[in-house]
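# Chains, contacts and geometry: an overview
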Amino acid sequence: MVTAMTKLVKVIIDDREYDFPAGMNLVDAAKQVDVTIPVFCYHPKMKPVGMCRMCLVEVGNIQKDRATGEVLLDDSGNPQIRWMPKLQTACTMNVSDGLVLRSTSKAVDEARRNVVEFLLTSHPLDCPICDKGGECPLQNQTMEYGPGESRMNFEDKKHLDKHVPLGDLIFLDEERCIQCGRCVRFQAEVAGDDVLAFHERGRDLQIITVSDPGFDTYFSGNTTDICPVGALTTTDFRFGARPWEMNSVPTLCNHCPVGCNTSASTRLDRDFGGKTMIKRIMARQNEQVNEIWMCDKGRFGHHFTRSEDRLLQPMVRAAGGSLSRETWADAVAAAAKLLGDANGSVAVIAGPSATNEDLFTLKQLAAGVGSTRLGAWPPTHAGADLVAKVGVGKGTNLSNLGKGDAVLVIATDLEEEAPIWRLRVKTAHDRGAYVVVANARKTRMDDFADAVTMYQTGHAATAFADLRKQHPEVAERLINANNLVVFAGAEGLTLDGSRALMQACANFLIETNHVGRANNGLVGVFPGANAMGQHYLGFSPEATRDIIANPPKVLILAQADVVADDPAAAAWLSKVETVISLSLFDDEATRQAKVVLPVQSFAERDGSYTNGERRVQRFYTAQGPIGEAIPAWQAVARIAEKLGQGKARLSAAQVMNDIVAAIPAFAGCKYSDLAKVEAQFPQVGGDDLYYGGTSYKNTGGLGVQIASAADNGEAVALGDVKADAVKGDLIVVPTVRLYNRERVFQASEAQLMAARVAAPYVEINAEDAARLAIHDGDMVQVSAGAAQPVKVRAHVNGAAPKGTVLLPRNLQQTATALTIAAGTVTKV
Amino acid sequence: MNILRGFATTFKHLLEEPITVQYPEQMRPFRERYKGRHHLRRYENGLEKCIGCALCAAACPADAIWVEAAENTDEQRFSPGERYAKTYEINMLRCIFCGYCEDACPTQAIQLGHEHQLSFTDRQDAIFTKDMLIDPTAIGVAGTPQQVEPGVYTRSIPDMENPR
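Residues numbered from 1 in each chain as written. Chains lettered and ligands numbered in written order. Predicted model: local features only at pLDDT ≥ 70, side-chain atom pairs only at ≥ 80, totals over all residues. Heavy atoms only, no water.

Attention now moves to the packing of aromatic side chains. One pair of aromatic rings is described through two measures. These are the centre distance and the angle between the planes. Residue and element names in this part refer to chain A. Tallying each qualifying case throughout the model produces 15 aromatic pairs over all chains. Measuring from centroid to centroid gives 4.7 Å for Phe186 and Trp293, while their planes differ by 50°, and the two rings are tilted. Here Trp293 lies in the loop between strand 14 (275–283) and helix 6 (296–300) and Phe186 lies in helix 4 (residues 182–191), a separation of 107 residues in the sequence. Here the two residues Phe186 and Trp293 agree in accessibility, since each one is buried. Three or more aromatic residues joined by ring pairs make a cluster, and in this case those are Tyr218, Tyr739 and Phe745. Seen from the ring of Tyr145, Arg112 lies directly overhead, with NZ or CZ sitting 5.0 Å from the centre. Between Arg477 and the ring centre of Tyr434, over which it is positioned, the NZ or CZ distance is 4.0 Å. (Phe/Tyr/Trp six-rings, centres within 6.5 Å; stacked < 30°, edge-to-face > 60°. Helix = DSSP H or I, 4+ residues; strand = E, 2+ residues; numbered from the N terminus. Buried < 20%, exposed > 50% of the residue type's maximum accessible area, 1.4 Å probe, protein only. Lys NZ or Arg CZ within 6 Å of the ring centre and 35° of its normal.)

This is how it looks when you write it as structure tokens:
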């Protein structure tokens with residue numbers, strides 16, 4: 001970023017003079033002024049290595065008199081230039097004052113031609129069947145700079161394995177690899193999962209995976225994007241379509257609060273009834289949200305949208321008790337009648353995938369029948385209101401955190417709950433940011449922390465309040481940091497405990513004046529894609545708790561798979577007289593509902609989400625419709641229309657206009673505003689030859705960040721921290737695994753990710769295990785609170801602290817404890 | 001005088017043999033390079049030449065070709081190499097018989113033949129599927145998919161020529 005403080009240097013590129021900020025990479029600088037220096041191994045997100053030699057250019061320096069510093073002139077009055085005797089790799093050089101660069105000359109052209117010819121000596125002629133063909137930098141640069149014809153005999157070509165699985169998700173074609181090392185460097189430098197390596201030397205050099213299971217990382221898909229050839233391809237997209245046949249639709253990932261911008265490549269498909277189908281999902285550049293990366297869950301987790309379990313038609317329960325298929329008009333009329341007859345005893349519970357539009361229409365519908373009981377699902381994470389007050393300031397970009405800044409990650413396993421935040425905090429750590437991880441157990445984030453503080457399970461808020469006493473040196477660094485971002489989750493906490501922690505975090509930020517500025521403030525690591533949207537539109541987990549305690553007559557479940565999440569749900573749901581279910585799937589709640597309305601997933605519709613950093617972002621229709629499903633907001637609006645609450649809107653854009661008019665936080669969030677884009681650095685994803693296939697250019701919009709109360713200059717007050725902890729000999733702590741068996745991720749065991757999902761297990765501390773005579777690998781029965789006991793395998797490997805058992809949620813069909821509870825473990 | 005010259009021409013043509021061909025009872029031989037309806041060719045061992053690369057579809061100016069690819073295995077092998085055409089369709093109503101598909105094909109799998117009598121009673125019939133386009137196998141040769149020895153058919157383009 002160029003500011004008034006940045007020192008500019010004069011550089012001559014191809015006989016024209018430019019100013020660049022000092023220290024800028026030469027390839028990036030040239031690209032900025034539309035001078036192409038071709039590269040294979042260089043990538044602006046990684047350190048240059050100068051391995052591929054494609055960026056060779058002529059470089060010289062303007063000669064100056066050593067004594068006076070004046071530019072020496074030659075006989076004809078031009079500055080004297082001392083050219084370097086050999087061609088230089090531009091990617092390993094930075095701009096400096098008086099640098100002269102020639103990007104095209106006979107020597108440069110010949111060098112490029114030779115490099116390409118050499119790369120092609122053993123590159124197979126696979127382009128017709130290669131998944132990269134059509135968006136391949138090697139293909140492009142061969143056409144642009146290559147020799148045109150080969151002098152190599154085919155018998156002399158090196159033949160290597162073409163079909164090497166590097167894990168379940170990625171295939172390696174050893175012949176195609178040009179040994180640029182982008183994948184190895186990405187895993188080591190950016191992702192921090194050092195699972196790839198070079199093996200052998202010279203022409204035998206190959207990429208291997210050094211982890212077991214192979215390629216064990218949540219970021220493996222990114223290596224296929226940055227691979228400049230078709231050496232790394234995904235299992236998911238294998239031979240799915242040719243790149244030029246597909247349309248790219250800007251969409252969003254709906255799995256976690258990061259809100260990664262993604263691009264769905266779509267094509268018509270015979271097996272999908274001739275409808276448009278998502279063939280693959282790739283990252284879409286948004287430097288403030290996900291840069292150009294995304295995790296494998298988002299990339300490969302789109303199959304649920306075409307699940308066999310999807311509801312196809314509206315259904316109404318007949319007097320006899322069985323569900324019968326109805327037309328939309330009849331189902332809407334039935335729902336309207338139930339709501340109208342409820343005398344205001346109505347409540348809504350909305351799941352984490354419900355969009356802003358869905359939530360707003362639900363809120364209006366509830367208001368229309370005299371109810372304000374709006375619950376957010378799952379009711380595990382409190383404090384979204386505090387994030388709205390002291391959340392990260394407008395313009396926050398985690399990429400700007402570095403030396404002198406600090407990040408605190410507390411009560412969350414970022415790796416599992418929000419992988420891209422984990423990646424971005426890791427890179428901030430590499431740039432010099434001081435990273436503190438506080439949790440009751442060891443997490444992956446510890447590997448990238450400067451300080452790790454452990455606290456007793458359930459006591460996050462008190463531990464945080466005591467930070468200054470217990471760890472004064474850590475507290476000191478946080479307090480004095482130029483910028484401080486706090487990521488707070490709710491792992492090992494009750495709902496009240498979560499609120500206490502969020503309040504403690506907010507208090508700390510306010511006291512140390514880390515609010516109301518960019519790159520400062522609180523981020524809630526909430527479940528789902530739209531927890532902040534739930535807050536702004538009036539849905540809260542506290543309301544859910546109230547709904548559970550005092551069941552209404554009519555309950556609307558909007559994309560909330562309550563029975564699969566909460567072991568107590570079956571019991572409290574049975575106290576509700578009537579359930580109206582808006583669902584994607586034929587789930588348990590559907591089986592108890594009087595009216596079932598099939599709704600569309602993010603893939604089939606327009607909508608918007610508000611991510612954890614309060615950025616409102618929109619997504620577009622990518623995939624063809626499934627059955628008679630319609631967007632949830634539309635189903636709700638039709639019911640409202642039937643109840644005489646006014647005509648249903650025709651489009652999601654109109655609903656957003658209503659939201660903008662009704663809710664001040666959403667000012668400036670009309671769809672046209674959300675669709676605005678601006679130039680981003682680095683420029684990837686264009687049609688140029690640089691980073692073909694790397695991420696997609698953002699054409700769908702960068703979104704608009706909602707200002708926090710602190711941003712707006714409102715006074716933010718400290719609040720009381722009411723710590724809440726569970727007592728017991730053994731505390732069962734529900735944890736989150738990224739790959740799980742949730743319906744919105746993986747609808748069947750046959751799917752791609754199935755092998756990566758862990759079998760149900762529980763982590764027990766060695767001391768507790770010894771006391772209970774449990775060994776690693778034993779089958780045990782875990783019961784927690786009121787939940788049905790579950791049989792799972794015990795892991796005794798040091799992950800759980802003493803007195804705590806860690807029970808991952810959603811690894812099995814039966815629901816396990818939703819929040820922390822005292823429990824027992826017995827061997828079976 | 002002129003009128004006689006005119007009649008002479010008339011009578012000359014009256015005595016000539018007619019050039020009318022009684023089509024369809026009678027057919028003239030086709031030129032070797034006539035571009036009629038397409039055929040998908042096979043190798044002698046019965047494997048399909050088509051590798052599902054969709055370059056024909058990319059070259060097609062009329063957007064008449066639809067290809068969907070899938071992966072070969074040695075247990076179920078359709079073509080040499082990793083990829084084969086799962087779906088291959090040509091809409092004969094759209095096709096303008098320009099032959100660009102034949103030019104684009106890296107394996108000479110698609111070739112325009114001599115058959116030109118194409119008539120349809122509805123639009124759906126005009127879409128020729130892979131089953132209709134692919135050549136039958138020679139007598140005694142297995143069709144596809146075949147179970148083959150592992151490691152034999154690893155290349156999509158089996159016979160590469162050295163640069164001349």
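Moving on from the model shown.
Here we come to the sheet that holds strand 34 (residues 804–808) of chain A. Taking strand neighbours around the barrel as the criterion, the six strands line up as 30-34-31-33-32-35 (chain A) in a closed arrangement whose pairing is mixed. The mean inter-strand angle of the sheet, taken between neighbouring strand axes irrespective of direction, is 45°. (Pairing = 2+ DSSP bridges. Axes fitted to C-alpha atoms, helices over the stretch in contact; angles between N-to-C directions.)

In this section: the interface of chain A and chain B. Taken together, the 27 residues of chain A in the interface contact 25 residues of chain B. In total, about 2,200 Å² of surface goes out of reach between chain A and chain B, with carbon and sulfur atoms giving 51% of it. Counting the surface chain A buries against chain B, the share from its top three residues, Ile129, Phe239 and Arg270 of chain A, is 29%. In this assembly, chain A and chain B are joined by six salt bridges. Among the ionic pairs, Arg238 of chain A bridges to Glu71 of chain B, the shortest N-O distance being 2.9 Å. (Contact = heavy atoms within 4.5 Å. Buried area = accessible area lost by both parts, 1.4 Å probe. Salt bridge = Lys/Arg side-chain N within 4 Å of Asp/Glu carboxyl O.)

Now for the pairing of strand 2 (residues 65–71) of chain B. Residues and elements named next belong to chain B. Summarising burial for strand 2: five of the seven residues are buried, a large majority. As paired strands, strand 2 and strand 3 (residues 83–91) are joined by seven bridges and run antiparallel to one another. Paired with Glu68 across the bridge in strand 3 is Thr87.

Residues and elements named next belong to chain A. The strand order across the open sheet built from seven strands is 16-15-26-25-24-17-18, with neighbouring strands paired in mixed fashion. Every other strand in the sheet has two partners, leaving strand 16 (323–325) and strand 18 (374–376) as the edge strands with one partner each. Neighbour-to-neighbour, the strand axes of the sheet open up by a mean angle of 20°, direction not taken into account. Across two bridges, the pairing between strand 15 (residues 315–317) and strand 26 (residues 595–598) is antiparallel. Its bridge partner lying in strand 26, Met315 is registered against Val596. Along the sheet, helix 7 (residues 328–340) makes contact with strand 15, strand 17 (346–350), strand 24 (554–558), strand 25 (578–583) and strand 26, crossing strand 26 at roughly 130°. With respect to the sheet, helix 17 (residues 541–549) is in contact with strand 17, strand 18 and strand 24, its orientation differing from that of strand 18 by roughly 110°.

Let us now look at the confidence of the model for chain B. Caution applies to low-pLDDT parts of the model: their predicted coordinates are not meant to be read in detail. Overall, the prediction assigns chain B a mean pLDDT of 92, with 98% of residues at 70 or greater. Least confident of the elements in chain B is helix 1 (residues 2–15) of chain B, whose mean pLDDT is 92; most confident is helix 2 (residues 55–59) of chain B, at 97. (pLDDT = per-residue confidence, 0-100.)

The next subject is the side chain of Asp225 of chain A. Residue and element names in this part refer to chain A. Take Asp225: it is sitting in helix 5 (residues 220–226). Residue Asp225 is classed as buried on the basis of its relative accessible area, which comes to 5%. Within polar-contact distance, the side chain of Asp225 engages the side chain of Arg299 at 3.0 Å. (Polar contact = N/O pair within 3.5 Å; in protein donor to acceptor, adjacent residues only side chain to side chain.)

The subject of this paragraph is the nonpolar core. Ranked by size, the top nonpolar core spans 211 residues in total, and within it Ile410, Leu478, Phe487, Leu501 and Phe666 of chain A carry the most contacts. It is helix 15 (residues 495–511) of chain A that provides the largest number of residues to this core, a total of nine residues. Membership of the second largest hydrophobic core comes to 22 residues, among which are Leu40, Cys50, Cys56 and Cys60 of chain B. (Core = buried A, V, L, I, M, F, W, Y, C linked by side-chain atoms within 4.5 Å.)

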